[in-house]
Amino acid sequence: MIRVKSLAFAIVAVFLLASAVPAVAATSFRCGSTIVKQGMLDIDILKNCGEPSSREIVGKTTGNLELNIERWVYGPISGYMYILYFKAGKLEKIESYRP
């Protein structure tokens, strides 16, 4: 009886860990016929991918000139959500996850 409970606990623990996978860094993703990758400008991504499902300013840079840091969310695209981070209109980072 104890082994059955231990096995059931292990199965539940593995399931919970697998379903709690955080966003991972991605280097690119396909949006229509365009491959979106780091270094692209926000205007080019808007032109090729359209408006994101979510768009917000999440911070500002420090220094003499304050620049916006934005987070855009696209998806689901092929089962993945893509989170894009821009600094001063330039794509700095892409994360992806399965919802």
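Treat the numbers as computed from the prediction; the structure is a model and nothing was measured.

Visitor: In this structure, what is going on with unusual backbone geometry? I would like to understand it.
Guide: Both trends apply: most residues other than glycine have a negative phi, and most peptide bonds are in trans. Residue P76 is bonded to the preceding G75 through a cis peptide linkage, with omega at 5°. Of note, the phi angle at S78 is positive, near 50°, even though the residue is not glycine. By the element assignment, S78 lies in the loop between strand 5 (68–77) and strand 6 (80–87). Despite not being glycine, A88 has its phi angle at roughly 55°, a positive value. By the secondary structure assignment, A88 is in the loop between strand 6 and strand 7 (90–97).

Visitor: Where do I start with the confidence of the model for the protein chain in this structure?
Guide: Detailed reading of the predicted coordinates is not advisable wherever pLDDT falls low. For the protein chain, per-residue confidence averages 82 on the pLDDT scale, and 77% of positions sit at 70 or higher. Considering only residues more than four positions removed or in separate chains, one finds that residues 7–21, a stretch of pLDDT under 50, has zero contacts.

Visitor: Would you take a moment to explain the state of the cysteines for this structure?
Guide: Structurally, a disulfide amounts to a covalent bond that connects the sulfur atoms of two cysteines. Per the counting criterion, the structure on display carries one disulfide. C31 shares a disulfide with C49; S-S distance 2.2 Å. Separated by 18 residues along the polypeptide, C31 in strand 2 (residues 28–31) and C49 in helix 2 (residues 42–49) bring together distant segments of the chain.

Visitor: Just to check I follow, could you spell out the pairing of strand 7 for this structure?
Guide: Pairing of strand 1 (residues 24–26) with strand 7 involves three bridges; the strand directions are antiparallel. Within strand 7, the position partnered with A25 by the bridge is E95. Bridge count between strand 6 and strand 7: seven bridges; the pairing is antiparallel. Paired with Y85 across the strands is K93, a residue of strand 7.

The rules behind each value
- Residues numbered from 1 in each chain as written.
- Predicted model: local features only at pLDDT ≥ 70, side-chain atom pairs only at ≥ 80, totals over all residues.
- Heavy atoms only, no water.
- Helix = DSSP H or I, 4+ residues; strand = E, 2+ residues; numbered from the N terminus.
- pLDDT = per-residue confidence, 0-100.
- Contact = heavy atoms within 4.5 Å.
- Disulfide = S-S within 2.5 Å.
- Pairing = 2+ DSSP bridges.

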